[in-house]
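# Structural overview for review
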Amino acid sequence: MPSEQHTNIKVAVRVRPYNVREMEQKQRSIIKVMDRSAILFDPDEEDDEFFFQGAKQPYRDITKRMNKKLTMEFDRVFDIDNSNQDLFEECTAPLVDSVLNGYNCSVFVYGATGAGKTFTMLGSEAHPGLTFLTMRDLFDKIQAQSDVRKFDVGVTYLEVYNEHVMNLLTKTGPLKLREDSNGVVVSGLCLTPIYSAEELLKMLMLGNSHRTQHPTDANAESSRSHAIFQVHIRITERKTDTKRTVKLSMIDLAGSERAASTKGIGVRFKEGASINKSLLALGNCINKLADGLKHIPYRDSNLTRILKDSLGGNCRTLMVANVSMSSLTYEDTYNTLKYASRAKKIRTTLKQNVLKSKMPTEFYVKKIDEVVAENERLKERNKALEAKANQLERAGSNGFDPKELKSWYSKIDAVYAAARQLQEHVLGMRSKIKNINYRQTLKNELEEFRKLMCVDQRVCQEDYRRFANYISTLTSQMEKYKEELPAWLSKMESAYQNLESLKREVNKSKAYQILIVYVKYKDLELQLTKQNIFNSHVNAINQELVENLDLMRKSFRAACEVLNQTYDRLEDGQKLTPEIEAVFERLHRKMRFADSEANTKMAVMDTLVVPQELCSGQEQEEQSCSLTASAKKRQRQAAHSDDDLHLSMEEFDSQDTESDTEDLHLTFKRPRNLNETQVLGPPQQQ
């Protein structure tokens, strides 16, 4: 069952500043804001002081009535300096959370005509009102909860004009009111679905354009009807399919007015009488509810029938009483504060709106069975843990003290942690030295190729200067690591000695059988750390090699294309000499596929899967320029032997890496074929 809450209507009072007419007439202030929750109505005026023979004399104007000097307390009082944003953050923002938790909520503004009700509720373009701010916050929170909840939102916008209920969105009416089990319902009213805050605000602007407004002497933009904007939301929990229907009402009441102040005649006089009638009925309902009477005369007006849920039903209600600080509206301000003070005493009963789920009975039976099975599984696990705990206690009673074992474990962890940290630092430093050395070797080879291909000596010298600076930087880094390495090696050897000393102590301890297992586990952990560092080092070397080989392969291909085109042009221009033909023939023989690597290549292909990217890349690299006659001739000759399409480096001497790279670099020699994927043997242990 949904939990019930008893709460009072929350009442806030907002004081507006003087308007132009009031400032011109220099009216006195009848409202004094004491603090955030109290005001003083009709305070004393500062009279002129009268002195006789140097003494202040008591003075009282017998023609002037006594000031009321009434102190009234409310939930919140907003002075003339507070904005609509302040009112929203403190009063209506918490209502949005209540709506999403399944509670009906209402906000209505009450006060005399010209007191600022419509500005508070609707605002302006520069200063949005409560309706705009509340709806924007509502949709922001709906969007944030869309992953766990499904929201269906619909709106209605009504006005009560001369006791007739009209639909502001469709400009139709009058509509009839009826009551059913869900409360007061407007016959023939349909919800308009919306899916974003922008759509909601457009409908709000459309309804405001249809609302009845006429100027009076008391207010140039006087609202002649009561406006009720309602948002109906159906909330569905995605996991449990539980549904809730909630309603948020934003109500802008027309102001009570006196015919003497508005100077209304004809239609305006009839409108004012109707407004006063509905507000009088609302005041009577507030008085009856505050007194705790059972019979509440909601049927005296269509306005009170619509507000029945907001005043005394299942709803969390906020009443904003708008008042003017000018003495021109003395009676209206006093009546407004009196009704607001009475409304503070109204208590409502809240409960969450939860609809029954449409899930079949089998769904809940299955859920109950799952919970029971989970409970049994946890009980069995608890029994097993208790048995294990008892076993450990018995082991402690047989000579193994748990506290002593805990101290041993802490000591072993500390020694191995220090050794692991030093090992990581030393091996990491060695890896950096070898990586830098290997990078220098590759960059030197690449620089030799650049020198062979360079034509402009000035550009070549500039490139070499940058290359020399880069190599110098690498060398200084490597020398720095080499200088620091001996000290760290000494620390690591000391840590290993501590490990050996710890193992000897473990062998002599009483709990040797238990501790030796833990020590072996720590040894494996240390070896795993070393292996991980080794793998990272190999990956770094391999990445460096792949990047350089890719650059050299592209450079070699471009050089072959240039040589090929040069040969064709010399042959077409009949400038091909026997010496040049001999050089090209010798180069062609060196590039032929060697018989000695045929068996190796077939064995490699049995276990090697060539990456798809390399295959597709080789197929797409075709000549875009037209071939000369000699080029086509050589292409036909190459078609007879697939060996000519491969590049072999057998006759060239393979340059090994420098001696100080030791075992790891022996694996990464330059491949025999730059266009061929090679299989690397397992690294040798030091």
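Keep in mind it's a predicted model, so treat the numbers as computed, not measured. (Residues numbered from 1 in each chain as written. Predicted model: local features only at pLDDT ≥ 70, side-chain atom pairs only at ≥ 80, totals over all residues. Heavy atoms only, no water.)

Attention now goes to the overall build of the protein. If you tally the helices and strands in the protein, you get 19 helices and 21 strands. Here the protein holds 686 residues, and the buried ones make up 36% of them. Carbon together with sulfur atoms contributes 52% to the accessible area of the protein, which is approximately 41700 Å² in total. (Helix = DSSP H or I, 4+ residues; strand = E, 2+ residues; numbered from the N terminus. Buried < 20%, exposed > 50% of the residue type's maximum accessible area, 1.4 Å probe, protein only. Areas by Shrake-Rupley, 256 points an atom, 1.4 Å probe, with all protein chains shown as cover.)

Although it is not a glycine, Asp-42 adopts a positive phi angle of roughly 55°. Within the element layout of this structure, Asp-42 appears in the loop between β4 (38–41) and β5 (51–52). For Lys-171, which is not glycine, the phi dihedral falls at a positive 55°.

A separate point is the side chain of Asp-252. Assignment of secondary structure puts Asp-252 in strand β19 (residues 243–252). Look at Asp-252 and you get buried, because its relative accessible area is 2%. At a separation of 2.7 Å, a polar atom in the side chain of Asp-252 contacts the side chain of Arg-211. Residues contacting Asp-252, with those up to four places away along its chain left out, are Val-109, Lys-117, Thr-118, Met-121, Arg-211, Ser-225, His-226 and Ala-227. (Polar contact = N/O pair within 3.5 Å; in protein donor to acceptor, adjacent residues only side chain to side chain. Contact = heavy atoms within 4.5 Å.)

To continue, consider the sheet that holds strand β3 (residues 31–33). Strand order in this open sheet of 3 strands is β3-β4-β7, and the pairing throughout is antiparallel. Looking at which strands have only one partner, the edges of the open sheet turn out to be β3 and β7 (70–73). The sheet shows a mean angle of 25° between the axes of neighbouring strands, direction not considered. Here β4 pairs with β7 via 4 bridges, running antiparallel. The residue of β7 that forms the bridge with Ala-38 is Glu-73. (Pairing = 2+ DSSP bridges. Axes fitted to C-alpha atoms, helices over the stretch in contact; angles between N-to-C directions.)

This part is about empty space enclosed by the protein. For the coordinates displayed, the defined rule picks out 5 cavities of 30 Å³ or more. In this structure, the second largest cavity encloses a volume near 80 Å³. Considering every element that reaches the lining of the second largest cavity, the biggest residue donor is β19, with 3 residues. Class assignment of the residues belonging to the lining of the second largest cavity gives a composition of 6 nonpolar, 5 polar and 2 charged. (1 Å grid on protein atoms, 1.4 Å probe; cavity = no way out; pocket = protein on both sides within 12 Å on 5 of 7 lines; lining within 4 Å. Points joined across faces, edges and corners; volume = space filled by probe spheres on them. Nonpolar A, V, L, I, M, F, W, Y, C, P; charged D, E, K, R; others polar.)

Let us now look at the pattern of salt bridges. With the rule as written, the count across this model stands at 23 salt bridges. Residue Glu-22 is joined to Arg-16 by a salt bridge in which the shortest nitrogen-to-oxygen separation is 3.0 Å. As far as burial versus exposure is concerned, Glu-22 and Arg-16 are alike and both buried. Salt-bridge contacts for Glu-544 lead to Arg-439; the nearest nitrogen and oxygen are separated by 3.4 Å. (Salt bridge = Lys/Arg side-chain N within 4 Å of Asp/Glu carboxyl O.)

Strand residues, when the strand is regular, have side chains that alternate between the two faces of the sheet. The element strand β18 (residues 226–237) is largely enclosed, with a buried count of 10 among its 12 residues. In terms of strand pairing, β18 meets β19 through 10 bridges, oriented antiparallel. Across the sheet, the residue bridging to Phe-229 is Met-250, located in β19. Two successive antiparallel strands, β18 and β19, enclose a turn made up of 5 residues, where Asp-241 displays a positive phi of approximately 65°.

If you check helix α10 (residues 330–343), its first and last C-alpha atoms are 20 Å apart, about what 14 residues at 1.5 Å a residue would give, namely 20 Å. Turning to α10, its buried residues number three or more, namely Tyr-330, Asp-332, Thr-333, Thr-336, Leu-337, Tyr-339, Ala-340 and Ala-343. (Expected span 1.5 Å × (residues − 1).)

In the predicted model, the protein carries a mean pLDDT of 75, and the fraction of residues at 70 or more is 75%. When mean pLDDT is taken per element in the protein, strand β8 (residues 76–78) scores highest with 93 and helix α19 (residues 662–666) scores lowest with 37. Here residues 600–686 is a poorly scored stretch, pLDDT under 50, and it has 102 contacts once near neighbours within four places are set aside; other chains count. (pLDDT = per-residue confidence, 0-100.)

Turning to the packing of helix α12 (residues 402–453) against helix α14 (residues 512–572), a few remarks are in order. The description of two helices packed together rests on the angle between their axes and the distance between the axes. Packing of α12 against α14 brings their axes to within 10 Å, and their N-to-C directions diverge by 10°. With respect to α14, the axis of α12 lies roughly parallel. Considering how the two elements wind past one another, α12 and α14 form a crossing that is right-handed. Across the contact of α12 with α14, the residue classes tally to 24 nonpolar, 7 polar and 12 charged. (Parallel < 35°, antiparallel > 145°, perpendicular 65-115°, else oblique. Left-handed = near helix turned anticlockwise from the far one by under 90°.)

This next bit is on the nonpolar core. Residues Phe-74, Leu-253 and Leu-337 are the most contacted members of the largest nonpolar core, which totals 47 residues. Residue contributions to this core peak at 7 residues, all from helix α7 (residues 267–291). Those residues in contact with Leu-253, other than ones at most four positions away along the chain, are Phe-108, Val-109, Tyr-110, Lys-117, His-226, Leu-279, Leu-282, Leu-303 and Leu-307. Counting 42 residues, the second-largest nonpolar core is a separate cluster that includes Cys-105, Phe-139, Ala-227 and Ile-233. (Core = buried A, V, L, I, M, F, W, Y, C linked by side-chain atoms within 4.5 Å.)

Here the focus is the environment of Gln-27. Mapping Gln-27 onto the fold places it in the loop between α1 (20–25) and β3. A relative accessible area of 21% means that Gln-27 is categorised as partly exposed. Considering only alpha carbons, one finds Gln-27 and Ser-326, 299 residues apart in sequence, at a separation of 5.9 Å. Once residues lying within four places of it in the same chain are set aside, the contact partners of Gln-27 are Tyr-18, Glu-22, Ser-326, Ser-327 and Leu-328.

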